[in-house]
There are 2 protein chains.
Amino acid sequence: MKQNLLKSEVTPILREAAGTRDFVLPRAKNITWQTLEVTSQDRALIKSQTPKCFWFTGLSGSGKSTIASAFDAVLLRSGEHTYVLDGDNIRHGLNRDLGFTDADRVENIRRVAEVARLMVDAGLIVIPSFISPFAADRELARSLFKEGEFIEVYVDAPLEECERRDTKGLYAKARKGELPNFTGIDSPFEAPSQAEVHLNKVSQTLEQCIAHLLGVLHSIPK
Amino acid sequence: MKQNLLKSEVTPILREAAGTRDFVLPRAKNITWQTLEVTSQDRALIKSQTPKCFWFTGLSGSGKSTIASAFDAVLLRSGEHTYVLDGDNIRHGLNRDLGFTDADRVENIRRVAEVARLMVDAGLIVIPSFISPFAADRELARSLFKEGEFIEVYVDAPLEECERRDTKGLYAKARKGELPNFTGIDSPFEAPSQAEVHLNKVSQTLEQCIAHLLGVLHSIPK
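Just so it is clear, the model here is predicted, and its values are computed rather than measured.

Definitions and limits used
Residues numbered from 1 in each chain as written. Chains lettered and ligands numbered in written order. Predicted model: local features only at pLDDT ≥ 70, side-chain atom pairs only at ≥ 80, totals over all residues. Heavy atoms only, no water. pLDDT = per-residue confidence, 0-100. Helix = DSSP H or I, 4+ residues; strand = E, 2+ residues; numbered from the N terminus. Contact = heavy atoms within 4.5 Å. Salt bridge = Lys/Arg side-chain N within 4 Å of Asp/Glu carboxyl O. Buried < 20%, exposed > 50% of the residue type's maximum accessible area, 1.4 Å probe, protein only. Core = buried A, V, L, I, M, F, W, Y, C linked by side-chain atoms within 4.5 Å. Phe/Tyr/Trp six-rings, centres within 6.5 Å; stacked < 30°, edge-to-face > 60°. Lys NZ or Arg CZ within 6 Å of the ring centre and 35° of its normal.

**Focus: the confidence of the model for chain A**
All names here are of chain A.
Next up, step 1: This prediction gives chain A a mean pLDDT of 84; 82% of its residues lie at or above 70.
Next up, step 2: In the model of chain A, helix α1 (residues 7-19) stands out as the element of lowest mean pLDDT, 45, in contrast to strand β1 (residues 52-57), which has the highest, 98.
Next up, step 3: Predicted confidence for residues 1-35 stays below pLDDT 50, and this span has 67 contacts to residues more than four positions away or in other chains.
Next up, step 4: Under the prediction, the complex receives an ipTM of 0.84, its pTM being 0.84.

**Describing the pattern of salt bridges**
Next up, step 1: One pass over the full model with this rule turns up 28 salt bridges over all chains.
Next up, step 2: Across the pair A:Arg142 and A:Glu196 runs a salt bridge whose closest N-O atoms are separated by 2.8 Å. With A:Arg142 in helix α6 (residues 135-143) and A:Glu196 in the loop between α8 (170-175) and β5 (197-200), this pair connects stretches of sequence that are 54 residues apart.
Next up, step 3: In this structure, B:Arg117 and B:Glu114 form a salt bridge, with 3.2 Å as the shortest nitrogen-oxygen distance. A residue pair is termed a helical-turn pair when its members lie 3 or 4 positions apart in one helix, as B:Arg117 and B:Glu114 do in helix α5 (residues 102-121) at 3 residues.
Next up, step 4: Residue class for B:Glu114 comes out buried when judged on its relative accessible area of 3%.
Next up, step 5: Each of A:Asp97, A:Glu107, A:Arg110, A:Arg111, A:Glu114, A:Arg117, B:Asp97, B:Glu107, B:Arg110, B:Arg111, B:Glu114 and B:Arg117 takes part in a single network of salt bridges with overlapping partners.

**Brief notes about the nonpolar core**
Next up, step 1: Among the nonpolar cores identified, the biggest contains 42 residues, and A:Leu85, A:Met119, B:Leu85 and B:Met119 are the most heavily contacted of them.
Next up, step 2: Breaking this core down by element, the ones donating at least two residues are β1, β2 (82-86) and α5 (102-121) of chain A together with β1 (52-57), β2 (82-86) and α5 of chain B.
Next up, step 3: Once you skip the residues sitting within four places of it in the chain, B:Met119 turns out to touch A:Leu118, A:Met119, B:Tyr83, B:Leu85, B:Leu124 and B:Val126.

**So, the packing of aromatic side chains**
Residue and element names in this part refer to chain A.
Next up, step 1: Scanning the entire structure with this criterion turns up 10 aromatic pairs over all chains.
Next up, step 2: Ring geometry for Trp55 against Phe150: centres 5.9 Å apart, planes inclined by 35 degrees, an arrangement best described as tilted. Placement of the pair is Trp55 in strand β1 and Phe150 in strand β4 (residues 150-156), with a sequence separation of 95 residues. Phe150 shares its class with Trp55; the two are buried.
Next up, step 3: Their ring planes at 40 degrees and their centres at 5.6 Å tell us that Phe145 and Phe150 sit as a pair that is tilted.
Next up, step 4: For Phe145, a relative accessible area of 9% gives the class buried.
Next up, step 5: Look at Phe150 and you get buried, because its relative accessible area is 3%.
Next up, step 6: A connected cluster of aromatic rings, assembled from ring pairs, spans Trp55, Phe145 and Phe150.
Next up, step 7: In this arrangement the basic side chain of Arg91 is found over the ring face of Phe100, its NZ or CZ atom lying 4.1 Å from the centre.
Next up, step 8: For Arg138, the ring lying beneath its charged end belongs to Phe189, and the centroid distance is 5.8 Å.

Next comes the structure, spelled out in structure tokens:
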């Protein structure tokens, strides 16, 4: 399928693309260059996959990142085209201008959701992993996607367990008042009531979590 | 390469991925799940391509979108994984909160560049197509990428020609003062002095422009 094009081959291929478009481009009459546009279906087809957004939500320390990374690696291992969006690649780049006020947290999630939508349009399976504590923000994210594209993944872990682990030392800081509006301490986590996937990091092994996610992915008709 | 995983196959594959990682995941000792992370090289490898950002800049009506769309379609036709970022999918989504003040235009380009960077990290060939009239903004965009990843594509067309075409009727509005700060009318276009690709929509056919771009893409070592 993959071709390296030489310059001499370009014009015939352009003609072919414009004339017959028998590969992955949709057929259409009266093709002009202006209409030679690629749809998200074309982009998905080349990747032989159905684009999806697996939106991970849960407390800090619940295991979101660990599960999201493992899911990502296993999907890549089986030939899927994926990408994890998380604090590491968003907060230092796209959202570097945002802090942690309520308004900024809403805007943080809105932008992540918009980027996820663009990546799904590009044909990817995208895995945003954010605390995203407010139901309204997650619903706004969901509203950007087509029916069935958005899969909410609730990583459920008791606050005590997350605080006990405290891998980043954030709960300790929050308890000292150094991190105001910290989810679970002085800001609420609105647990999803109808998440498509409900994982429990305490009672399930990582393998079981991944198996659950793969089951959901593969139960979706391609 | 593409596998559909059944639940029963998951655990052995997880073990294999964690233990040997002989497919596209990098080898490492003492693998733990936390380190099972996927690099941008892994993501590019699965797509058999070198991720790039082809940043189109030029006046409104210069032909940016037409060339970018055609380039995108031809790349997809040859099996590349691509995505066009343009006003249509950015201004109504991610950047819907931005207007056309100087500050908002800078922020518009900054966010587009950050999204392009994420998409390159995801292994795609991404094609942002924006007037992006200011050299400083384009340099900021370039600075987000690794050496050689960012290819500036200047679509050069005389203002008179763009205004004569005026496909969207924007120049007419700008001349009436209905669109303040319109590039070319009452806001400058700082032409790139060292763009990697300099296209001239007036003297070159669309086929020649695409051939030029493909030549640049394929001259880059994979």
